Amino acid sequence: MSKYIAKQSIGRFKTGEVVEGLTEDRAEFLLGKGAIVEAEAVEGEDIDTGEGGEIVELEKLTKAELTALLDEEKIEYNDSDTKAELIARFPKE
């Protein structure tokens, strides 16, 4: 199983932390969105975490993608939540 580095806060993982335990589909999704990078690809390099860009990155996701991330991280939400309300449910750190 591969290790990844969070480029933004994702559920319980903070920016710059090692992210482990992702399914292959979830890892591909987050890699495609630029939310994570492969740890092996950045060993010995500084990681551009895009500090301050966490909300901007989440805003690029669709409502369905946001709810999928919330489901994966076991964060509760209401079906009637707007996209902004869904984004607000993600941990700030």
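All values reported here derive from a predicted model rather than from experimental measurement. (Residues numbered from 1 in each chain as written. Predicted model: local features only at pLDDT ≥ 70, side-chain atom pairs only at ≥ 80, totals over all residues. Heavy atoms only, no water.)

## Quick word on the environment of arginine 26
Filter applied, for reference: Only DSSP runs of H or I covering at least 4 residues are called helices, and only runs of E covering at least 2 are called strands; the numbering of each starts at the N terminus. The contact criterion used throughout is that any non-hydrogen atoms of two residues lie within 4.5 Å.
Mapping arginine 26 onto the fold places it in helix H1 (residues 24-33). Along the primary structure arginine 26 and alanine 68 are separated by 42 residues, whereas in three dimensions their C-alpha atoms are 9.5 Å apart. Those residues in contact with arginine 26 that lie beyond four places of it in its chain are Ala68, Leu69 and Glu72.

## Regarding the sheet that holds strand S1 (residues 4-6)
Rule in force here: Strand pairing follows a simple DSSP-based rule, namely that at least 2 bridges must link the two strands. Fitting a line to C-alpha atoms yields each axis, with helices limited to the stretch in contact; the angle taken between N-to-C directions then spans 0 to 180 degrees.
The sheet built from three strands is open, its strands ordered S2-S1-S3 with antiparallel pairing. Looking along the sheet, the strands with just one partner apiece sit at the ends: strand S2 (18-19) and strand S3 (36-38). The pairing of S1 with S2 spans two bridges and is classified as antiparallel. Note on S2: the bridge partner recorded for isoleucine 5 is valine 18. Lying on the sheet, H1 is in contact with S1 and S3; it crosses S3 at an angle near 110°.

## Describing the nonpolar core
Cut-off, in case you're wondering: Among buried residues, those of type Ala, Val, Leu, Ile, Met, Phe, Trp, Tyr and Cys that are joined through side-chain atoms within 4.5 Å constitute a nonpolar core. The classification of residues rests on relative accessible area computed with a 1.4 Å probe and restricted to protein chains. Under 20% of the type maximum is buried, over 50% is exposed, and intermediate values are partly exposed.
Core analysis: the largest hydrophobic core is formed by 19 residues, its most contacted members being Val19, Leu22, Leu30, Ile36 and Leu66. Listing elements by their share of this core, those giving two or more residues are S1, H1, helix H4 (63-72) and helix H5 (83-88). Counting residues per element, this core draws most heavily on H4, which supplies three residues.

## A short note on H1
Stated precisely, the cut-off is as follows: In this context, the arc is that of the directions from the helix axis out to the C-beta atoms.
Of the positions making up H1, those classed as buried are Arg26, Ala27 and Leu30. Taken end-on, H1 shows its buried residues confined to a sector of 100°, consistent with a single buried face. For H1, the exposed residues set more than 90 degrees away from the buried face come down to Glu24, Asp25 and Gly32. Following H1 by one or two positions, glycine 34 has its phi on the positive side, about 80°.

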